[in-house]
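# Structural description and commentary
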Amino acid sequence: MNYRAINLKERLSVFSDHFAPRIVARMNDYDLKLVKALGEFTWHSHAETDEVFLIVDGALKIEFRDGAVDLRAGEMFVIPKGVEHRPVAASECHLMLIEPIGTINTGDAGGELTAGPVWI
């Protein structure tokens, strides 16, 4: 077996597009995805699963219809399943999403920001 750490900074350096998650690891039935965020994402929800946002670098606001949470590097937040939300980054933010395999980034909204599974 090859034991090798995953360097998040290195993996983040190989792509530049925003709101296009890249899978860096799989744990049981969960994907760990790196994302670069900038601007406003689409309003959406995930009816079948919670979603974890872990901020690696920068800051991210997650808006809800009845409020918002501001996250900075080193902080995380769990969005309960079925809760409509919209990530917003005033400047580029690097984050990790932890969610079940096959979770679509735009959830129930679909649209042009929908990204397929890509490994890095």
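An account of the accompanying structure is given in this report. If you're wondering where the values come from, they're calculated on a predicted model, not measured in any experiment.

## Quick word on the pairing of strand β4 (residues 59–64)
- Here β4 runs beside strand β5 (residues 67–72); their pairing, made up of six bridges, is antiparallel. Within β5, the residue paired with Leu60 across the bridge is Leu71.
- Taking the residues between adjacent antiparallel strands as the criterion, β4 and β5 are bridged by two residues.

## A look at the environment of Gly111
- Within the secondary structure layout, Gly111 lies in the segment after β7 (85–100).
- Sequence-wise, Gly111 and Met27 are 84 residues apart; in three dimensions their C-alpha atoms are separated by 28 Å.

## Points about the packing of aromatic side chains
- This model, assessed by the stated rule, comprises two aromatic pairs.
- A centroid spacing of 5.9 Å and a plane angle of 50° characterise the contact between Phe64 and Phe77, whose relative ring orientation is tilted. You can see Phe64 sitting in strand β4 and its partner Phe77 sitting in strand β6 (residues 76–79), a full 13 residues away along the chain.
- Lying over the aromatic face of Phe15, Lys36 brings its terminal NZ or CZ to 5.2 Å of the ring centre.
- When the ring centre of Trp43 is taken as reference, the NZ or CZ atom of Arg65 above it lies at 3.8 Å.

## So, the pattern of salt bridges
- Taken as a whole and assessed by the stated rule, the structure comprises eight salt bridges.
- In this structure, Arg72 and Glu75 form a salt bridge, with 3.6 Å as the shortest nitrogen-oxygen distance.
- Overall, Arg72 belongs to the exposed group, its relative accessible area being 57%.
- One network of salt bridges, in which partners are shared, links Glu40, Glu63 and Arg86.

Cut-offs applied
- Residues numbered from 1 in each chain as written.
- Predicted model: local features only at pLDDT ≥ 70, side-chain atom pairs only at ≥ 80, totals over all residues.
- Heavy atoms only, no water.
- Pairing = 2+ DSSP bridges.
- Helix = DSSP H or I, 4+ residues; strand = E, 2+ residues; numbered from the N terminus.
- Phe/Tyr/Trp six-rings, centres within 6.5 Å; stacked < 30°, edge-to-face > 60°.
- Lys NZ or Arg CZ within 6 Å of the ring centre and 35° of its normal.
- Salt bridge = Lys/Arg side-chain N within 4 Å of Asp/Glu carboxyl O.
- Buried < 20%, exposed > 50% of the residue type's maximum accessible area, 1.4 Å probe, protein only.

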